[in-house]
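Commentary on secondary and tertiary structure
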Amino acid sequence: MGLESSERINRIALHPTNSDIAYVAALGSLWSPNSERGVFRTRDGGLSWQRVLFVDETTGATDIKMDPSNPDKLFAGMWQFRRWHYNFKSGGPGSGMYVTLDGGKTWTERTEEDGLPKGELGRMAFSIPVANPDRVYALVEAKKSALLRSDDGGLQDNGSWRGPTEVWVPAGIRNLHWQEVGFGDGFDTIPDPENARAGYVMSQGGFLLRYDLDKGLQKMIRPAPHDPEIDLRFNWNAGFEQDPFEPATIYYGSQFMHKSTDRGLSWSVLSDDLTSNDPEM
């Protein structure tokens, strides 16, 4: 079916409803560098192949697993390795864990900040329970090898999303009914009480946006410093609240309490610095 120069194919992931789509984790040559390695995808039942994930000519793909509830979400393990007649090296800077949410068009690498072991990694494999696709197990070779578990699925840098409470189809609410309305590490996503197609989204470090799908609007409304001598300091997940009595009024927290009565177009400051303001902290 192709990929003659890959030499070793360790894992295949098949699309559950489209028999023309499959993914291949190709290890590549054991004894020498080669380019036909990494993750390949076919959309025509194997007549042609496209390489969708590649690191370098000494790094191959050890595993490719598909989310049983979402065929566009896949986990891939990349492994840098090399054998000589006198030695074998497993692991290196090319090794890594990757996740795609769009069927292999783009990939995001997971790192020690996401919970992986520190240092250079080696071979890895994944398992996703059919009964609970948000749970992912990863066996990772490292200086301190580990069996890892995620209970929120590759979830990081996944933006902010909106979806319906119900739909008129027998299958219920599906992935296609969800729409991204923000970017980065998605935190609070709050609809406007007077217009469900508009609202607020927040991402890491205090970035706050207002969106309006009817107007095609996405506007940054993060408060600006009220004093040019002061830099505003926001938590990674800053405090945000909508007034329950005044639909246009919102509150936001840096080291100060901020208030807007016009949905973020302008802000006033309600407090002094509420922190210790200790630079060492």
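Summary of the structure given here.

Criteria and thresholds
Residues numbered from 1 in each chain as written. Predicted model: local features only at pLDDT ≥ 70, side-chain atom pairs only at ≥ 80, totals over all residues. Heavy atoms only, no water. Helix = DSSP H or I, 4+ residues; strand = E, 2+ residues; numbered from the N terminus. Rg over C-alpha atoms; globule rule 2.2 N^0.38 Å. Buried < 20%, exposed > 50% of the residue type's maximum accessible area, 1.4 Å probe, protein only. Areas by Shrake-Rupley, 256 points an atom, 1.4 Å probe, with all protein chains shown as cover. Salt bridge = Lys/Arg side-chain N within 4 Å of Asp/Glu carboxyl O. Phe/Tyr/Trp six-rings, centres within 6.5 Å; stacked < 30°, edge-to-face > 60°. Lys NZ or Arg CZ within 6 Å of the ring centre and 35° of its normal. Polar contact = N/O pair within 3.5 Å; in protein donor to acceptor, adjacent residues only side chain to side chain. Contact = heavy atoms within 4.5 Å. Patch = residues over 30% accessible without salt bridge, like charges linked within 9 Å, V, L, I, M, F, W, Y side chains within 5 Å. Pairing = 2+ DSSP bridges. Axes fitted to C-alpha atoms, helices over the stretch in contact; angles between N-to-C directions.

1. With respect to the overall build of the chain
What the chain contains, in helices and strands, is zero helices and 22 strands. On C-alpha atoms alone, the chain measures out to a radius of gyration of 24 Å, which is more than a quarter above the 19 Å that the 2.2 N^0.38 rule sets for 281 residues. The C-alpha extent of the chain, read off along each of the three principal axes, is 70 × 55 × 30 Å. Out of the 281 residues in the chain, the part that is buried amounts to 40%. Accessible area for the chain stands at about 16200 Å²; split by element, carbon and sulfur atoms hold 50% of it.

2. Examining the pattern of salt bridges
In the structure shown here, the tally under the stated rule is ten salt bridges. Of the charged contacts, one joins R11 and D63 as a salt bridge, the two residues approaching to 2.9 Å between their closest N and O atoms. Separated by 52 residues along the polypeptide, R11 in strand β1 (residues 9-14) and D63 in strand β5 (residues 59-67) bring together distant segments of the chain. Note on D63: relative accessible area 0%, which makes it buried. A salt bridge links R263 to E194, with the nearest nitrogen and oxygen atoms 2.7 Å apart. Linking R263 in the loop between β21 (257-260) and β22 (268-269) with E194 in the loop between β15 (189-192) and β16 (195-203), this pair joins segments that are 69 residues apart in sequence. Salt bridges linked by common partners bring D192, E194, R210 and R263 together as one network.

3. Considering the packing of aromatic side chains
Tallied over the entire structure, the rule returns eight aromatic pairs. Ring centres of F240 and Y252 lie 5.9 Å apart, and the angle between their planes is 80°; on these two criteria the pair is classed as edge-to-face. Placement of F240 in strand β19 (residues 240-242) and of Y252 in strand β20 (residues 250-253) is noted, with a sequence separation of twelve residues between them. With respect to class, F240 is no different from Y252; both count as buried. The lysine or arginine in question, R51, covers the ring of F54, its NZ or CZ lying 3.7 Å from the ring centre. Here the basic side chain of R210 rests over the ring of Y200, its NZ or CZ set 5.3 Å away from the ring centre.

4. Focus on the side chain of Q242
Along the chain, Q242 turns up in strand β19. Residue class for Q242 comes out buried when judged on its relative accessible area of 12%. A polar atom in the side chain of Q242 sits 3.5 Å from the backbone oxygen of P191. Every residue in contact with Q242, bar those within four places of it in the chain, is listed here: I190, P191, D192, P193, Y200, P247, T249 and I250.

5. Notes on a nonpolar patch on the surface
Residues I9, I12 and L14 make up a contiguous nonpolar surface patch of roughly 300 Å² in combined accessible area. Relative to the assigned elements, I12 resides in strand β1. Taking relative accessible area as the criterion, I12 reaches 51% and is therefore assigned exposed.

6. A look at the sheet that holds strand β11 (residues 136-142)
One open sheet holds the three strands; their spatial order is β10-β11-β12, and the pairing between them is antiparallel. Edge positions in the open sheet fall to β10 (121-127) and β12 (146-150), since each of these has one partner strand only. Within this sheet the neighbouring strands show an average axis-to-axis angle of 20°, counted without direction. Where β11 meets β12, five bridges bridge the pair, whose relative direction is antiparallel. Bridging across to β12, L139 finds its partner in L147.

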